[in-house]
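Examination of the molecular architecture
Letter by letter, the chains look like this.
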Amino acid sequence: MSNKLEGFSTSASTFNADLDFAFWLHIWLSVGLFLSVVVPMIYFAWKYNANKVKNEDIGKVTHNTTLEILWTLIPVAIMMLFFYYGNTTMKMFRTMPAEAQSLVINVEGSKWKWKYTYPANASGHVHEVGGVYKKPVMNDDGSIKEHGTMGISALYVPKDTNIILKMTAPLSDVLHSYYIPAFRTKQDVVPGRETTLWFNANRVGSYDVECAEYCGADHAYMYSKVVVMEKADYEAWYNSNKGDTPKGDFPKDGKSLYASNGCASCHSIDSDTILVGPGLKGIGAKYDSEYLANALTNPDKDVPEGFYPGIMPTFKFSDEDLKNIVKYMETGK
Amino acid sequence: MSKTYFDETHCAIGHPKSTFMQWMLTVDHKRIGLMYAAVMFTFFFVAVFTALLMRFELFAPGQQFIDGPTFNQAFTLHGVIMIFLFIIPGIPAIFGNIVMPLMIGAKDVSFPRLNWATFWLYILGCCVALASLFIGEGVADTGWTFYAPYSLNTDTNVIMALTAAFILGFASILTGLNFLVTIHRLRAPGMTFFKMPLFVWGIYATAWIQLLATPVIGITLILAVMEKYFGIGIFDPSKGGDPVLFQHLFWIYSHPAVYLMILPAFGIMSEIIPTFSRKEIFGYRTIALSSASIAGIGYLVWGHHLYTSGMSDVAKSVFSFLTFFVAIPTGVKFYDWIATMYQGKIVLSTPMIWGLGTIITFAIGGITGITITMIGVDIHLQDTYYSVAHFHYAILGGVVFLMFAGMHYWFPLITGKMYKETHAKAAFYIQFVGFNLLWFPMFIAGWYGMPRRYFDYLPEFQIYHQVSFYGALIFVSGLIYMFWTFYRGWTKGEPSGTNPWNATTLEWHMPSSPPPLENHSKVPYVDFNPYEYHHGEPVVKFNYETMQRID
Ligand code: HEM
Ligand SMILES: [Cu+2]
């Protein structure tokens, strides 16, 4: 994990230039407006300070039509300019490109992860990526011992392509908001509704995603990443049937997979404590690898005593990932 | 020595002997205002304390003192107290009560007993509000906005919180009603609407909002009850409802509530500026009418809180357009205040430097509000620290600062004593510096993408949070210093006399200091404008026994 929101200043989407222009235009004109109030104020407070002014010299002006018209109309004009730029930038964000010329990806936000479902590729395989973000590990003094894995659940998209995200949340979930600071855009994700967001990125790289609508305990950890790739790289991945994610320096070892798939919230790895599912301490001694792999890909088949089927989610892993995570359960590494 | 309102009072029921019961049962508008102040500032300090807790946690990335869920409870408690218990009712309940009747030459508000009952309704509302936060699975963690469906499917008590808002709303409606009738019926003879002091105009516009916007809370409560107990899907998508509807209803009330806060605060500014410029106010009518028009347009702009919620784009444009038109009358007021200072004789007493300081901070709050009125820009900045910094600049650096200005201005009227100006000014400068350090860095963090309601953040943002932390410490020490100065002033201060600031409005023409139970000895006849100065001296002078003009 880097220490910064990746890609914020790279101007990586088609939105950046216009939005940054509107913002800075507004800021500079506002500085002007601000000074037009504060400079005379400070000047008057100094110039007409009680110890400099004789009582007879106090003025009597209570009206000045020209001035009053000016200081109404000039701000009105400036406000209309702001309205204009606010509105055109809104149109830019909100005018969806034609779906035929875009890549449409379904996004589901739920407490506290993002899931992406791609359209089926030529051989009918549907890529589903996404998952939980792993929290950083802290020392007692609050310094970071181990960085988290922001973006293990990345959204992979080709460069220079219109990407439309059709977003929703499960009915039983809460509001979220998909926010890509580097592209300056966000859109709320509403249970039971479909909202849309689009962008077109013109630089290869990865860009952080944050949840910007308060959603409870792990709101501050509901990150994801947009990974923009060369079209050819993207196509190669998309047309393959590997469940594996294509790219990125994201840890793929068993421990990280275990963390990023949310196993830890239901299983204790190093004790017998029952959270939601059984504690996994010493599980490698009890079962063989095949059983463990099956427990993930077909969890309802063998249900241990005292537990019910239907609680442990079914996981799809690439062969390599499956091997790693099983090894992790067996050896703790 | 003549008797003041501290020595005797009328009571709602009977005439109890004990001083304590006399306070509990008092119908005197001045005493009721003081009791509001006591309760509200207690809440204020609780909320400031939770804010400090958050600031400590935010000092570094990662978890330090409190975990995520506790942080979420902290900002909920902080927001709910600050907004619903402190600042929305604040200025009208305190200064509307204490000063407004004095300014129009009335003996009390129109319905003093109702005023007393309203105070206790407010206390009841506060109790229910706090209970709703603590009953159930721990303290509520929904944020002060209680957005559905989160608020509906956690274990928090939204229904009870809405009931509290409803009771508080009722108190607010009754206060508004009482003030409207008072202003319509009890103005001193001769005082037409355009001879009223501008603070009264502020209270008047506010009272209309209290009366007309608050019932929406009742509607929302009934809808939530129907959903919760009768299973009719209204807000909860799992029952077929629409969570965005909740956001609309919430802001239909809570946006006008923003003007509930700011209009009376502007009123305070309009009293202070002419008094300490020793000069009639510039553009009296514009200022008065701009309050009224802000109150009017203020109803129609709630949608600017929903730019990213999935509202139609046409609606977004309309709401944005209307919102810009709230900015105009606000801006005009600023220019009018500055023009009042032109060729005046500016006395930089404590209330005045609070006023001028607020012009700076509120201008920043207002301008950054315009940033996020630009829809496209708001798509980036919504729910980042940019908007949190904006509303702290507007509410803390605007409304609360003006409340402090009013406290310094009317302190001698209320207590009959003067605080030490050197201390009071020092406390101002400390708070001003602290406040800007506290909130300005957050604009930058917000622009760079720091979302709000995050208890942990990327190390990139640490520098801003640290500056902010030190700012908070400085600000809060200034705050304590200020209250200590008030305390010293009240207990040990010099008697102030009835009109220490050379002000013109009627509350400064009292037969005794502090004022007696039923205010002016006789009802004055008002055939003059509120801020008439000649060569730096108030034009109108009264014999305080007969209330006849003697100039
Ligand atoms: C004493 C100085 C204050 C400090 C240090 C302070 C600090 C904070 C902090 C750290 C947050 C949380 C921001 C976040 O995580 O999103 C916050 C939120 C908030 N503050 Fe303050 N604040 C102060 C005064 C006030 C005042 C005077 C008011 C209003 C009268 C106010 C109203 C709010 C509101 C409404 C929220 C939003 C709560 C929510 O997100 O639900 N604050 N403040
Ligand atoms: Cu979320």
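Provided above is the structure to which this section pertains.
Presented here is an overview of the structure given in this document. Bear in mind that the values here come from a model prediction, so they are computed numbers and not experimental data. (Residues numbered from 1 in each chain as written. Chains lettered and ligands numbered in written order. Predicted model: local features only at pLDDT ≥ 70, side-chain atom pairs only at ≥ 80, totals over all residues. Heavy atoms only, no water.)

Quick word on the overall build of chain B
Quick reminder of the rule: Numbered from the N terminus, helices here are DSSP runs of H or I no shorter than four residues, and strands are runs of E no shorter than two. Two things to know: the radius of gyration comes from C-alpha atoms, and the globule rule equals 2.2 Å times the number of residues to the power 0.38. Contacts are assigned to residue pairs with any non-hydrogen atoms lying within 4.5 Å of each other. The Shrake-Rupley method, run with a 1.4 Å probe sphere, supplies the accessible areas, and residue values consider only the shown protein chains as cover. Under this rule, positive means Lys or Arg and negative means Asp or Glu; His and the chain ends count for nothing. By convention, the point assigned to a charge is CZ for Arg, NZ for Lys, CD for Glu and CG for Asp.
In terms of helices and strands, chain B carries 17 helices and six strands. Relative to a compact globule of 551 residues, whose C-alpha radius of gyration would be 24 Å, chain B shows 23 Å and is just as compact. When the backbone C-alpha atoms are referred to their principal axes, chain B occupies close to 70 × 50 × 45 Å. In chain B, 80% of the contacts between residues at least 6 apart in sequence involve partners at least 24 apart. Here chain B has roughly 17,400 Å² of accessible surface; of this, 69% comes from carbon and sulfur atoms. Here chain B contributes 28 positively and 29 negatively charged side chains, and the mean placements of these two sets differ by 11 Å.

Comments concerning the overall build of chain A
In plain terms, the rule: Only protein chains enter the accessibility calculation, which uses a 1.4 Å probe; a residue whose area is less than 20% of its type maximum is buried, one above 50% is exposed, and one in between is partly exposed.
When its secondary structure is counted, chain A shows seven helices and twelve strands. Looking at chain A as a whole, 48% of its 333 residues are labelled buried.

Some remarks on the sheet that holds strand β7 (residues 162-168) of chain A
Residue and element names in this part refer to chain A. Filter applied, for reference: A strand pair is defined by DSSP finding two or more bridges across the two strands. Whenever a helix is involved, its axis is fitted only over the stretch in contact; in every case the axis is a line through C-alpha atoms, and angles between N-to-C directions fall within 0 to 180 degrees.
Sheet architecture is open: five strands sit in the order β3-β2-β1-β7-β10, paired in mixed fashion. A single partner strand is all that each edge strand has here, and the edge strands are β3 (128-132) and β10 (195-199). The average undirected angle you get between the axes of adjacent strands in this sheet is 20°. Pairing analysis gives seven bridges linking strand β1 (residues 102-110) to β7, with the strands arranged parallel. Counterpart to Ser-102 in the pairing with β7 is Asn-162.

What to know about the coordination of the copper ion (ligand 2)
Residues and elements named next belong to chain A. What counts here: A 2.8 Å cut-off from the metal defines N, O and S donors, relaxed to 3.2 Å for Na, K and Ca; water is not in the atom list, so some sites may appear incomplete.
Ligation of the copper ion (ligand 2) by protein atoms is provided by His-176 (ND1), Cys-211 (SG) and Cys-215 (SG), these donors lying 2.1 to 2.3 Å from the ion. All donors of the copper ion (ligand 2) belong to a single chain; written as a sequence motif, their spacing is H-x34-C-x3-C. Note that His-176 is positioned in strand β8 (residues 176-180) and Cys-211 in strand β11 (residues 205-211), a separation of 35 residues in sequence. Note on accessibility: His-176 and Cys-211 belong to one class, buried.

So, the nonpolar core
Note the cut-off: Within this scheme, the nonpolar core is defined by two criteria: the residues are buried Ala, Val, Leu, Ile, Met, Phe, Trp, Tyr or Cys, and they are joined through side-chain atoms within 4.5 Å.
Among the nonpolar cores identified, the biggest contains 285 residues, and Tyr-178, Phe-199 and Val-226 of chain A together with Phe-95 and Trp-410 of chain B are the most heavily contacted of them. Ranked by residues supplied to this core, first place goes to helix α15 (residues 385-415) of chain B with 21 residues. Contact partners of Phe-199 of chain A, with chain neighbours within four places excluded, come to Phe-15, Leu-155, Val-157, Thr-161, Asn-162, Ile-163, Leu-165, Ile-180, Phe-183 and Val-226 of chain A.

Some words on the sheet that holds strand β6 (residues 155-158) of chain A
All names here are of chain A. Overall, mixed pairing links the five strands, which are arranged β6-β12-β11-β8-β9 in an open sheet. Every interior strand has two partners, whereas the edge strands, β6 and β9 (185-189), have only one. Adjacent strand axes in the sheet meet at a mean angle of 25° when their direction is disregarded. Examined bridge by bridge, β6 and strand β12 (residues 224-229) share four bridges and lie parallel to one another.

Let's talk about the pairing of β7 of chain A
Residue and element names in this part refer to chain A. Among the seven residues that make up β7, six are buried, leaving the element largely enclosed by the rest of the structure. Alignment of β7 against β10, held across five bridges, turns out to be antiparallel. Following the sheet pairing, Met-167 is matched in β10 by Thr-195.

Overview of the pattern of salt bridges
Side chains bearing opposite charge may pair, as long as their charged atoms lie close to each other. Counted only if it meets this: Throughout this description, the term salt bridge denotes a Lys or Arg side-chain nitrogen within 4 Å of a carboxyl oxygen of Asp or Glu.
With the rule as written, the count across this model stands at ten salt bridges over all chains. When the shortest N-O distance is used, the salt bridge between Lys-225 of chain A and Asp-208 of chain A registers 3.5 Å. Placement of Lys-225 of chain A in strand β12 and of Asp-208 of chain A in strand β11 is noted, with a sequence separation of 17 residues between them. When the shortest N-O distance is used, the salt bridge between Arg-549 of chain B and Asp-551 of chain B registers 2.9 Å. Classification of Asp-551 of chain B by relative accessible area gives partly exposed; the value is 49%. Residues joined in a network through salt bridges with shared partners are Asp-527, Arg-549 and Asp-551 of chain B.

Describing the side chain of Ser-271 of chain A
Residue and element names in this part refer to chain A. In plain terms, the rule: Whenever two N or O atoms come within 3.5 Å, that pair is a polar contact, provided that in protein one can donate a hydrogen and the other can accept it, and provided that, for residues adjacent in sequence, both atoms are side-chain atoms.
Structurally, Ser-271 can be placed in the loop between α4 (254-260) and α5 (283-286). Only 2.7 Å separates the side chain of Ser-271 from the side chain of Ser-268, close enough to count as a polar contact. At 2.7 Å, the side chain of Ser-271 forms a polar contact with the side chain of Thr-273. Apart from the residues within four sequence positions on either side, Ser-271 is in contact with Gly-279, Leu-280 and Lys-281.

Notes on the site of ligand 1
All names here are of chain B. We apply this condition: Throughout, the term near means that a residue has one or more heavy atoms lying within 4 Å of the molecule or strand in question. Three classes are used: nonpolar for Ala, Val, Leu, Ile, Met, Phe, Trp, Tyr, Cys and Pro, charged for Asp, Glu, Lys and Arg, and polar for all others, with Gly counted as polar.
Inspection of the region around ligand 1 gives 23 residues, with His-78, Trp-144, His-392, Arg-452 and Arg-453 positioned closest. Here an oxygen atom of ligand 1 and a side-chain polar atom of Arg-452 are 3.0 Å apart. Note that an oxygen atom of ligand 1 is positioned 2.6 Å from one of the backbone N or O atoms of Arg-453. Only α2 (29-57), α3 (68-98), α15 and α16 (421-447) provide two or more residues apiece to the shell around ligand 1. Ranked by the residues each element gives to the shell around ligand 1, the list is headed by α3, at seven residues. Residues of the shell around ligand 1, tallied by class, amount to 17 nonpolar, four polar and two charged.

Observations regarding the coordination of the iron atom of ligand 1
Residue and element names in this part refer to chain B. To be explicit about the condition: Here a site with four donors is tetrahedral if all angles are between 85 and 135 degrees, and a site with four or six donors is square planar or octahedral if opposite donors are over 155 degrees apart and the other angles are between 65 and 115; anything else gets the irregular label.
Every protein donor of the iron atom of ligand 1 is accounted for by His-78 (NE2) and His-392 (NE2), and the metal-donor separations fall at 2.0 Å. What the six donor atoms of the iron atom of ligand 1 show is an angle range of 86 to 178° at the metal, which sorts the shape as octahedral. Remark: His-392 occurs in helix α15 and His-78 occurs in helix α3; sequence separation between them is 314 residues.

A short note on helix α13 (residues 350-371) of chain B
For clarity, the threshold we go by: In this analysis, the expected span of each helix is defined as 1.5 Å times one less than the number of residues it contains.
For α13 of chain B, built from 22 residues, the straight-helix expectation of 32 Å at 1.5 Å per residue is met to within 8% by its first-to-last C-alpha distance of 32 Å. Counting buried positions along α13 of chain B yields 21 of 22 residues, so the element is predominantly enclosed.

A word on the interface of chain A and chain B
Short version of the rule: The quantity reported as buried area is the accessible area (1.4 Å probe) lost by two parts once they are put together, taken as the sum for both.
Facing 86 residues of chain A, the contacting portion of chain B comprises 93 residues. Taken over both partners, the interface formed by chain A and chain B buries close to 7,700 Å², and the fraction arising from carbon and sulfur atoms is 67%. Run the count over chain A and chain B and you get one salt bridge. With a shortest N-O distance of 2.6 Å, Arg-193 of chain A and Asp-242 of chain B are connected by a salt bridge. The tally of links between chain A and chain B comes to 21 residue pairs in polar contact (both at pLDDT 80 or more). Among the elements of the structure, α1 (16-47), α2 (65-94), β9 and β11 of chain A are those that each provide at least two residues to the side of chain A that touches chain B. Among the elements that line the side of chain A that touches chain B, the one with the most residues is α1 of chain A, at 17 residues.

Here's the deal with the environment of Met-312 of chain A
Residue and element names in this part refer to chain A. Within the secondary structure, Met-312 sits in the loop between α6 (289-297) and α7 (319-331). We classify Met-312 as partly exposed; its relative accessible area is 27%. Measuring from C-alpha to C-alpha, the distance between Met-312 and Thr-273 comes to 16 Å, with 39 residues separating the pair along the chain. Ignoring sequence-local partners within four residues, the contact set of Met-312 consists of His-267, Ala-295, Leu-296 and Pro-299.

Taken by themselves, the reported measurements are silent on function.
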